[in-house]
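Structural overview
The lines below spell out each chain.
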Amino acid sequence: MHFKHPEILYFLFLLIVPILVHLFQLRRFKKSYFTNVRLLAKLSIQTRKSSKIKKWLLLATRLLLLTCLILAFAQPFFTAKDSKNANNEMYIILDNSFSMQAKGKKGELLKRAVQELLENTPENASFSLLTNTENYWNTDIKSVRNSLQNLKYSATPFELDNIIAKVKARKSTFKKDIIIITDAVGLDEKQLKNIRSEDAPYFIIPKAEQKNNVAIDSVFISQTSDNFYDISINLSGYGDNFKPISMSLFNNDKLIAKTIVNFDTKKKKINFTIPKQAFHGYVAIEDNGLEYDNRLFFSISDSKKTNVISIGESAKSNFLSRIYTSEEFNYLNFDIRSLDYNSLDKQDAIILNELDEIPQALQTTLKSFVSKGGNVVIIPSEKIAVTNMNSFLSNFGKVQMGSLENKEKLITKINFDHPIFSGVFENKIKNFQYPKTKTSFPITSSYSSALSYEDQSAFLTSIQNQVSAVSVFSAPINSVNSNFQQSPLIVPVFYKMAQNNQKSGINAITIGNNQPYFVETLLSKDAILEVRGTEEQFIPIQQILNNKVKIVFNDYPEQAGNYTIYNKKEALENVSFNYKRSESDLNQINTNLISDYKTADTISTIFNTLQTERTDNEIWKWFIIFALLFIVAEMAVIRFVK
């Protein structure tokens, strides 16, 4: 037992006072009996015995009364079981990712967690609250009440390791209590390894009752005809025993198509045919799972011609004019000696067709061209110096050429998963007429090949980045060296290599992807592009590049939807944003990961446990109660003992 005010115990010396008083009352006197009361001697003796008992009882009650009062003022207590952590700082980590939209026994997991925090957090408790996107340091439940009530789901996935790093960055002389409220969807060992054992966090894992969920993963143009687009929507089903769901297609919020999807497999592809014109809408489904992945917003711009030029001898470039027709392309061919360098920045694709040498000025210009989103296609010449070619290729990635080999090779393998062949083939072709080359340069590349020879070496490889591609052939494809120009593959290959995806494809940007976006417009130095939606508008990071503007959206917008890029009041282009589909699988939970940590069902359980283990057991109130009892006992002795 310990005392908060041990100095008060010196007052125990006051116990000598009632003892002295009692001794004074027990002084002995000489007794003399008179004759007229001698007969009462026996009764008198009995009375004096009763009086002594009463005095001893009064002394005991008064001593105990005074002792209890002194001990009560000294405030005795028993040390708490976990008293060394009584001053720990508390951090509450609340997962507000989209997977917390799942419904538990008492409603949506996030809303229920917020309600429990509001109801069960002590008002005098100081803590820091961290969510996926927001931080509230050294606050209390009253201060964050409105923020919690208005807390929205975050497009940022729950990354526990990043949040723990923020907690560790808060330097303090005290230890930390960490309470983590998450459904553990996507939680892995990597996110837990930075948690120190002495932190000993508490996990609250709310469980979803309904784990079946259907998500719209992606949308793309699978086929293009003169007047129509065939678009395909990929869906994923997570769970078992799915019921048929409805799917609707909206353009500018107007319903244009609807169908029913039966999930006989967990991956489905649904096709729609829409007019070949501008589209600014979304596809939506209705299921009983999560809501955030039930819509996918996308835009299709009006068809614009792709600007392509080839640099090389006109005789060797005739086949390109038959591929890049005037209906879809603005195609021109230049000899290297008559090339206008100022026109290169206006192109979408540049083809170097069997140049004997690539001048340094052209290398520098093309390096800048690729960084601005342009595509480059390189067809080597038999006469080019390998050192000159490798010096040029080193500007874009890890691709190098060896010395020319005079060996005939067959082109036998198509990589159907390569971006060049995306949406080209409905089915994988097994038998086709193999084209060949007579001479070729062996290519060493860290990138996958789109087309390969029979010996598995690369015939066509591509250096892909976020906004552009540099495609490299390993051999000249003129009619003397190869019959590739007569192969059915040549049209889709060159078509896709020159195609600018922003002009001809579907626009559906993932929020947080940070992929640069290019807008073709001429801006003055002081002009600023703005992105506007129905409920949100923002100014992205932007850089003016001649006749283009490079935009980086970072983590904006916060809300998925259809937006428009404006130059002041002029609408330039439609863009669409979607949430990342990383939270859709509610079954990706490994409860074994947190088996070594403390867990609780509710926040109130944790607060009660911490209070019980860290609060000293004060017993001074009991001494007050005993003092009152001894007062009552003293009064009873005085009244009833004779």
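This text gives an overview of the structure that appears in the document. (Residues numbered from 1 in each chain as written. Predicted model: local features only at pLDDT ≥ 70, side-chain atom pairs only at ≥ 80, totals over all residues. Heavy atoms only, no water.)

Take the overall build of the protein chain next. The helix and strand inventory of the protein chain stands at 13 helices and 37 strands. Of the contacts made within the protein chain by residues no fewer than 6 positions apart, 70% connect residues no fewer than 24 positions apart. Per element, the accessible surface of the protein chain, about 35100 Å² overall, is 51% carbon and sulfur. (Helix = DSSP H or I, 4+ residues; strand = E, 2+ residues; numbered from the N terminus. Contact = heavy atoms within 4.5 Å. Areas by Shrake-Rupley, 256 points an atom, 1.4 Å probe, with all protein chains shown as cover.)

With that settled, consider the nonpolar core. Judged by nonpolar contacts, the single largest core of 52 residues is most densely connected at Leu-94, Leu-148 and Ile-179. Setting aside residues no more than four positions away along its own chain, Leu-148 makes contact with Leu-94, Val-114, Leu-117, Leu-118, Leu-129 and Ile-141. Membership of the second largest hydrophobic core comes to 30 residues, among which are Ile-411, Phe-459, Leu-489 and Val-493. (Core = buried A, V, L, I, M, F, W, Y, C linked by side-chain atoms within 4.5 Å. Buried < 20%, exposed > 50% of the residue type's maximum accessible area, 1.4 Å probe, protein only.)

As a further point, take a nonpolar patch on the surface. A contiguous nonpolar surface patch, about 710 Å² in accessible area, is contributed by Phe-11, Leu-14, Ile-16, Val-17, Ile-19, Leu-20, Val-21 and Leu-23. Residue placement: Val-21 occurs in helix H1 (residues 16–25). A relative accessible area of 42% means that Val-21 is categorised as partly exposed. (Patch = residues over 30% accessible without salt bridge, like charges linked within 9 Å, V, L, I, M, F, W, Y side chains within 5 Å. Salt bridge = Lys/Arg side-chain N within 4 Å of Asp/Glu carboxyl O.)

Looking at where Ile-411 falls in the secondary structure, it is placed in strand E22 (residues 409–414). Judged by relative accessible area, Ile-411 falls into the buried class, the value being 1%. Each C-alpha atom of the pair Ile-411 and Leu-460 lies 9.7 Å from the other, and the pair is 49 residues apart in sequence.

Our focus in this paragraph is the packing of aromatic side chains. Taken as a whole, this structure holds 26 aromatic pairs when the rule is applied. Ring centres of Phe-98 and Tyr-292 lie 4.4 Å apart, and the angle between their planes is 5°; this geometry places the pair in the stacked category. You can see Phe-98 sitting in the loop between strand E3 (89–94) and strand E4 (103–104) and its partner Tyr-292 sitting in the loop between strand E15 (279–285) and strand E16 (295–300), a full 194 residues away along the chain. When sorted by exposure, Phe-98 lands in the same class as Tyr-292, which is buried. One aromatic cluster in this structure is built from Phe-319, Tyr-453, Phe-459, Phe-473, Phe-484 and Phe-494. (Phe/Tyr/Trp six-rings, centres within 6.5 Å; stacked < 30°, edge-to-face > 60°.)

Pairing of side chains with opposite charge becomes possible as their charged atoms draw close. Tallied over the entire structure, the rule returns eleven salt bridges. Of the charged contacts in the structure, one is a salt bridge between Asp-335 and Arg-337, with a shortest N-O distance of 2.9 Å. Under the relative-accessibility criterion, Arg-337 is labelled exposed at 75%. A salt bridge links Glu-408 to Lys-436; the nearest nitrogen and oxygen atoms lie 3.9 Å apart. One end of the pair, Glu-408, is in the loop between strand E21 (399–401) and E22; the other, Lys-436, is in strand E23 (residues 436–437), and 28 residues separate them in sequence. Residue class for Lys-436 comes out partly exposed when judged on its relative accessible area of 31%.

Another point: the sheet that holds strand E11 (residues 228–238). Strand order in the open sheet made by the three strands is E10-E11-E14, with antiparallel pairing throughout. Edge positions in the open sheet fall to strand E10 (213–224) and strand E14 (267–275), since each of these has one partner strand only. Pairs of neighbouring strands in the sheet enclose a mean axial angle of 25°, with direction left out of account. Across ten bridges, E10 lies against E11 in antiparallel orientation. Directly across from Val-214, in E11, lies its bridge partner Gly-237. (Pairing = 2+ DSSP bridges. Axes fitted to C-alpha atoms, helices over the stretch in contact; angles between N-to-C directions.)

On to the environment of Glu-327. Inspection of the secondary structure puts Glu-327 in the loop between helix H7 (318–323) and strand E18 (329–334). Judged by its relative accessible area of 63%, Glu-327 falls in the exposed class. Here the alpha-carbon distance between Glu-327 and Thr-306, two residues 21 residues apart in the chain, equals 9.8 Å.

So, on to the sheet that holds strand E28 (residues 509–510). Read across the sheet, five strands follow the order E28-E35-E34-E30-E31 without closing on themselves; strand pairing throughout is mixed. Edge positions in the open sheet fall to E28 and strand E31 (537–538), since each of these has one partner strand only. Here strand E34 (residues 561–567) pairs with strand E35 (residues 570–578) via seven bridges, running antiparallel. Of the residues in E35, the one forming a bridge with Gly-561 is Phe-577.

What follows is about the side chain of Asp-293. Mapping Asp-293 onto the fold places it in the loop between E15 and E16. The buried charged residue Asp-293 lacks any salt bridge partner; its closest oppositely charged side chain belongs to Arg-581, at an N-O distance of 5.6 Å. When residues no more than four places from it in sequence are discounted, the contact partners of Asp-293 are Asn-213, Val-214, Ala-215, Ile-216, Arg-581 and Ser-584. (Lys, Arg positive; Asp, Glu negative; His and termini not counted.)

Note: strand E17 (residues 306–311) against E18, six bridges, orientation parallel. Paired with Asn-307 across the two strands is Asn-330, which belongs to E18.

Below, the discussion takes up the side chain of Ser-462. You can see Ser-462 is positioned in strand E26 (residues 458–464). Among residues more than four places away in sequence, those in contact with Ser-462 are His-418, Ile-420, Tyr-447, Ser-448, Ala-469, Val-470 and Ser-471.

Looking now at unusual backbone geometry. Of note, the bond from Tyr-556 into Pro-557 is cis; its omega dihedral lies within 30 degrees of zero at -5°. Within the secondary structure, Pro-557 is located in the loop between strand E33 (548–552) and E34. In this model, Asn-138 sits at a positive phi of 45°, which is unusual for a non-glycine residue. You can call Asn-138 exposed: its relative accessible area is 55%. One non-glycine residue, Ala-184, lies in the positive phi region at around 70°. Residue placement: Ala-184 occurs in the loop between strand E8 (176–181) and helix H6 (189–192).

Turning our eyes to something else, we now look at the pairing of strand E20 (residues 375–379). In terms of residue burial, E20 counts as a mostly covered element, since five of its five residues are buried. Residues Asn-375, Val-377 and Ile-379 point to one face of E20 and Val-376 and Ile-378 to the other, with burial holding for every one of them. Across five bridges, the pairing between strand E19 (residues 349–353) and E20 is parallel. Bridging across to E20, Leu-352 finds its partner in Ile-378. Inspection of the sheet shows E20 paired to strand E27 (residues 469–473) by three bridges, in the parallel sense.

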